[in-house]
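Coordinate inspection notes
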Amino acid sequence: MSVKKRIILFSTAFILIIAISFVVMVIRNSDDEPVTIFENISEVEQLNFKRNDNLRDKYIENIPYEKAYIGTVKYENIKFKIFAYEFSSIQDAKSYYRACSTKDLELDDDFCYEFSAGMSSAKGMVFNGKNLYRIEAGTNHLDKIQRHLASAFTLTYVGGEGFAEQTEDSSVS
C-alpha cells in the first residue's frame, strides 16, 4: 500500500472515530437529566462536599454574596468542583451568571441553566433567584453528576411548568 493511500485511510479512520465520539457524547448528554437547585444552600453538604479554601473562583470578583460553598464533591469515582452561592440580590446572581456564561439573560429572567460536556470535561450552571451553583468536572459523566445533584437538592425544574419541590415520593432516581 502506498504512503498516500495509508494517509487517506488513517485520515478517514480518524475522522470517523471523532464523528462517532461526538454522536455518542451528544446522546449521552442530552437533556434527559433533571435540572435541580438547592432551596437552602446548606443542601450542598449532602453531596459528600469537601470545602476547599484554596479553590478560587475567578468569576466572583467584586460580586457580593451572603453565603458560599466552594469545594469538591466525590461521587462514584467522579470528582467535580462546585461553586455554590446565595447572593445578596437577584441582580448580583445575574451578574455572576453573565460573567460565567455565553447565554444572554433577559431583564425579567429569574431562572436559567446550562450544561455541557466534551470528550473529557463537563460544566454546568443553574441560577434561580438569589441562588446559583456552577460545576466543573474533568470527566464527561454529566448524567451521573446531575443525578447526584438531584439526590440532594430540593427544587427540580419541570419543563415549562417551573419548579416542583421534591418529596420523598417524587425524588428523582
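The structure reproduced in this document is the subject of the present report. Keep in mind it's a predicted model, so treat the numbers as computed, not measured. (Residues numbered from 1 in each chain as written. Predicted model: local features only at pLDDT ≥ 70, side-chain atom pairs only at ≥ 80, totals over all residues. Heavy atoms only, no water.)

Before going further, it helps to spend a moment on helix 3 (residues 142-152). The buried fraction of helix 3 amounts to 8 of the 11 residues, a majority that puts the element mostly inside the structure. Regarding helix 3, the residues found buried are Leu142, Asp143, Ile145, Gln146, His148, Leu149, Ala150 and Ala152. (Buried < 20%, exposed > 50% of the residue type's maximum accessible area, 1.4 Å probe, protein only. Helix = DSSP H or I, 4+ residues; strand = E, 2+ residues; numbered from the N terminus.)

Our next topic: the nonpolar core. Within the largest apolar cluster, 26 residues are counted, with the highest numbers of intra-cluster contacts made by Val44, Phe80, Ile82, Tyr133 and Phe153. Grouped together as the second largest cluster of nonpolar side chains are 16 residues, Ile60, Ala93, Tyr96 and Tyr97 included. (Core = buried A, V, L, I, M, F, W, Y, C linked by side-chain atoms within 4.5 Å.)

A word on the environment of Glu43. Position of Glu43 relative to the elements: it lies in the loop between strand 1 (35-37) and strand 2 (49-51). When the C-alpha positions of Glu43 and Ala152 are compared, they lie 6.2 Å apart, and in sequence the two are 109 residues distant. For Glu43, the residues in contact, after removing those within four places along its chain, are Ile37, Phe38, Ala152, Phe153 and Thr154. In terms of polar contacts, Glu43 uses its side chain to reach the backbone amide nitrogen of Thr154, at 2.9 Å. (Contact = heavy atoms within 4.5 Å. Polar contact = N/O pair within 3.5 Å; in protein donor to acceptor, adjacent residues only side chain to side chain.)

Glancing now at unusual backbone geometry. Despite not being glycine, Glu76 shows a phi value in the positive range, around 45°. Looking at the element boundaries, Glu76 is found in the loop between strand 3 (65-75) and strand 4 (78-87). Even without a glycine there, the phi angle at Asn77 is positive, about 60°. With respect to the secondary-structure elements, Asn77 resides in the loop between strand 3 and strand 4. Judged by relative accessible area, Asn77 falls into the exposed class, the value being 84%.

Before going further, it helps to spend a moment on the pattern of salt bridges. Side chains that differ in sign of charge can pair as their charged atoms come close. Enumeration according to the criterion identifies 4 salt bridges in this entry. One salt bridge connects Arg134 with Asp57, and the closest N-O pair in it is separated by 2.8 Å. Placement of Arg134 in strand 7 (residues 131-137) and of Asp57 in the loop between strand 2 and strand 3 is noted, with a sequence separation of 77 residues between them. Of the two residues, Arg134 and Asp57, neither departs from the other in class, the shared state being buried. Where Arg134 meets Glu136, a salt bridge forms, and the shortest distance between an N and an O atom there is 2.4 Å. Given the relative accessible area of 7%, Arg134 is considered buried. Bridged by salt links that share partners, the residues Asp57, Lys81, Arg134 and Glu136 form one connected network. (Salt bridge = Lys/Arg side-chain N within 4 Å of Asp/Glu carboxyl O.)

Attention now moves to helix 2 (residues 90-100). Inspection of helix 2 places Asp92, Ala93, Lys94, Tyr96, Tyr97 and Cys100 among the buried residues, and these make up the whole buried set. Of the surrounding secondary structure, the elements contacted by the buried residues of helix 2 are strand 4, strand 5 (111-117), strand 6 (122-128) and strand 7.

Time to look at the sheet that holds strand 7. Taken in spatial order, the 6 strands of this open sheet run 2-3-4-7-6-5, and their pairing is antiparallel. Of all the strands in the sheet, the pair left with one neighbour each is strand 2 and strand 5. Going across the sheet, the axis of each strand differs from the next one's by a mean of 20°, ignoring polarity. Pairing of strand 4 with strand 7, which is carried by 7 bridges, proceeds in the antiparallel orientation. Counted as the bridge partner of Phe80 is Ala137 from strand 7. (Pairing = 2+ DSSP bridges. Axes fitted to C-alpha atoms, helices over the stretch in contact; angles between N-to-C directions.)

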